[in-house]
Amino acid sequence: MSFKGKTVVITGASSGIGAASCIEFAKRGASLALVARRKEKLEELEKTLAKFDINTLVCECNVSDKMQVQKMSSQVIKKFGRIDILVNNAGFAIYGRVSDLTIEEIESQMQTNYFGMIYCTKNFLPKMLEQKSGHIVNVASVAASFGLPGIASYCASKFAMLGFSEGLKHELKGTGIGVTVVSPIMVRTSFFDHQSFGQMPKYSPTSLSAKTVAKAIVSAANSPRLEIIVPSVVRGAVWAKHTFPYIINPILGSAFRKQMAK
Ligand SMILES: NC(=O)c1ccc[n+]([C@@H]2O[C@H](COP(=O)([O-])OP(=O)(O)OC[C@H]3O[C@@H](n4cnc5c(N)ncnc54)[C@H](OP(=O)(O)O)[C@@H]3O)[C@@H](O)[C@H]2O)c1
């Protein structure tokens, strides 16, 4: 599908899934706003995207700061005059037991992963409503369906994202604006470089490439679905967890607790 003439805003564009998504949208002709804190990384990506002959805008922005998000959204609308797709992808996790994490560490995950998504949505939604078109793609995780030991506060931020998206999707019915959550399993990115993950294996044999998830994000931008789980076979595990929680939860809890004890 072509995205020529469409403006796509991607948060967390400086690395991993966000950077790969920029490339996939660029291949399809979209104008792109690249949003993250590390400006130099965004500028490097902008150079890579030059071969696609598209319009780009680098926006240095910490999405957990509502004033910075307001400024970033004004810059985007000033340059492109519209927004067609908002990809709320910026996010991170801090690994550790709730009893060991500080309140600030727990707050910071919610502030970026959940409130960052809220700030971007609140700032771009009025333009989408005015246009009577648009799509919000929120990058959650399978951790939006499974509360796991070691990443409880990260899971909470993604559960919150999924719940918010579901409610918002209902509210926006008939407005021409869609909402879709993309929930991948483990992806090979810098996500696990955070020092809290320590010696934990960064990748599993089943982990996905950022490009695979980026392609799911492109599909999500036109999808009527609430949630796209990547890979789709994992939907079965989510169904099993909701249907037989008394069987699935103890198995998962035990596996993840063993990992935590290592
Ligand atoms: N990797 C996985 O296994 C996995 C699985 C499921 C879901 N996810 C989700 O996928 C999304 C992308 O993660 P990734 O795997 O691509 O990790 P990544 O390579 O570490 O990328 C994270 C991106 O988020 C940006 N970011 C973090 N905090 C930010 C803030 N306060 N303001 C603006 N940008 C911020 C980072 O840019 P700057 O540092 O330059 O700001 C970076 O571009 C996250 O929401 C994550 O929860 C990841």
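Residues numbered from 1 in each chain as written. Predicted model: local features only at pLDDT ≥ 70, side-chain atom pairs only at ≥ 80, totals over all residues.

### Observations concerning the overall build of the protein
Operational definition: Strands are runs of DSSP state E lasting at least two residues, helices are runs of H or I lasting at least four, and both sets are numbered from the N terminus onward. In this setup the radius of gyration rests on C-alpha atoms only. A globule is expected at 2.2 Å times the number of residues raised to 0.38. Any residue with 12 or fewer other C-beta atoms within 10 Å of its own C-beta is exposed, any with 20 or more is buried, and the rest are partly exposed; the C-beta atoms used are placed from the backbone. Placing a C-beta atom from the backbone of each residue, one calls two residues in contact when those atoms lie within 7 Å.
Assigned secondary structure in the protein consists of eight helices and seven strands. Relative to the globule expectation of 18 Å for 262 residues, the C-alpha radius of gyration of the protein, 18 Å, shows essentially globular dimensions. Relative to its 262 residues, the protein shows a buried fraction of 39%. Considering only intrachain contacts with a sequence separation of at least 6, the fraction spanning at least 24 residues in the protein is 68%.

### Re the nonpolar core
As a reminder of what qualifies: In plain words, the nonpolar core is the set of buried Ala, Val, Leu, Ile, Met, Phe, Trp, Tyr and Cys residues that C-beta atoms within 7 Å link up.
Core analysis: the largest hydrophobic core is formed by 65 residues, its most contacted members being V9, C22, L32, L34, V35 and I217. Broken down by element, this core gets its largest block of residues, seven residues, from helix 6 (residues 210-220). Dropping the residues within four chain positions of it, V9 is found in contact with A33, V35, V76, I83, L86, V87 and F124.

### Considerations on the site of the ligand
For the record, the criterion: Defining nearness, a residue is near a molecule or strand when the C-beta atom obtained from its backbone falls within 6 Å of it. Side-chain classes follow a simple rule in which Ala, Val, Leu, Ile, Met, Phe, Trp, Tyr, Cys and Pro form the nonpolar group, Asp, Glu, Lys and Arg form the charged group, and the remainder, Gly included, forms the polar group.
What surrounds the ligand is a group of 29 residues, the closest being G12, G16, R37, R38 and G91. Tallied by class, the residues present in the shell around the ligand amount to ten nonpolar, 16 polar and three charged.

### Points about the packing of helix 4 (residues 103-131) against helix 5 (residues 152-171)
Note the threshold: Orientation is described by lines fitted to C-alpha atoms, with helices fitted over the stretch in contact, and by angles between N-to-C directions that extend from 0 to 180 degrees. Oblique is the label for any angle not under 35 degrees, not over 145, and not in the 65 to 115 range, which are roughly parallel, roughly antiparallel and roughly perpendicular in turn. For a crossing to be left-handed, the near helix must be turned anticlockwise from the far one by less than a right angle; the clockwise case is right-handed.
Contact pair helix 4 / helix 5: the axes reach a minimum separation of 9 Å and the direction vectors enclose 20°. As summarised for this structure, helix 4 and helix 5 are arranged roughly parallel, according to the angle between their axes. The interaxial crossing formed by helix 4 with helix 5 has right-handed handedness. Of helix 5, the residues touching helix 4 (which contributes I106, Q109, M110, N113, Y114 and M117) are S153, Y154, A156, S157, K158, A160 and M161.

### Considerations on helix 8 (residues 245-261)
The test is simple: Helix span, as expected, comes to 1.5 Å for every residue beyond the first.
Compared with the 24 Å implied by 1.5 Å per residue over 17 residues, the 23 Å span of helix 8 between its first and last C-alpha is a close match. Here helix 8 lies mainly on the outside; zero of its 17 residues are buried.

### Some points on the environment of P126
Structurally, P126 is set in helix 4. Placed 123 residues apart in sequence, P126 and N249 show a C-alpha to C-alpha distance of 41 Å.

### Considering the sheet that holds strand 5 (residues 134-139)
Let me state the cut-off plainly: Only strands joined by at least two bridges in the DSSP assignment are considered to pair.
A sheet is described by the order of its strands in space; here seven strands give the open sequence 3-2-1-4-5-6-7, paired in parallel fashion. Since the sheet does not close on itself, it has two edges, and those belong to strand 3 (56-60) and strand 7 (227-230), each with one partner. Between one strand and the next, the sheet's axes are offset by a mean angle of 15°, whatever the strand orientation. Direction of pairing for strand 1 (residues 7-11) relative to strand 2 (residues 31-36): parallel, over a ladder of five bridges. The residue bridging T11 from the neighbouring strand is V35, located in strand 2.

### Regarding unusual backbone geometry
Put simply, V230 and P231 share a cis peptide bond, and its omega is -5°. The residue D53 is not glycine, and still its phi comes out positive at about 55°. Its place among the elements puts D53 in the loop between helix 2 (39-49) and strand 3. Overall, the presence of 8 C-beta atoms within 10 Å leaves D53 in the exposed class. One non-glycine residue, K132, lies in the positive phi region at around 60°. Here K132 lies in the loop between helix 4 and strand 5.

### Quick word on the pairing of strand 4 (residues 85-88)
Across the two faces of strand 4 the burial is the same, with I85 and V87 and L86 and N88 all buried. Two strands pair when backbone bridges link them, and strand 1 and strand 4 are joined in this way by three bridges, in the parallel orientation. Bridge assignment links V9 to a residue of strand 4, and that residue is L86. In terms of strand pairing, strand 4 meets strand 5 through four bridges, oriented parallel. Residue pairing for strand 5: N88 is matched across the bridge by N138.

### What to know about the packing of helix 7 (residues 235-243) against helix 8
In contact at an axis separation of 6 Å, helix 7 and helix 8 are set at 115° when each is read in the N-to-C sense. Facing A240, K241 and H242 of helix 7, the residues of helix 8 in contact are P245, I248 and N249. By residue class, the composition of the contact of helix 7 with helix 8 is three nonpolar, two polar and one charged.

### Brief notes about the environment of L129
Tracing the backbone shows L129 in helix 4. When residues no more than four places from it in sequence are discounted, the contact partners of L129 are T175 and I177.

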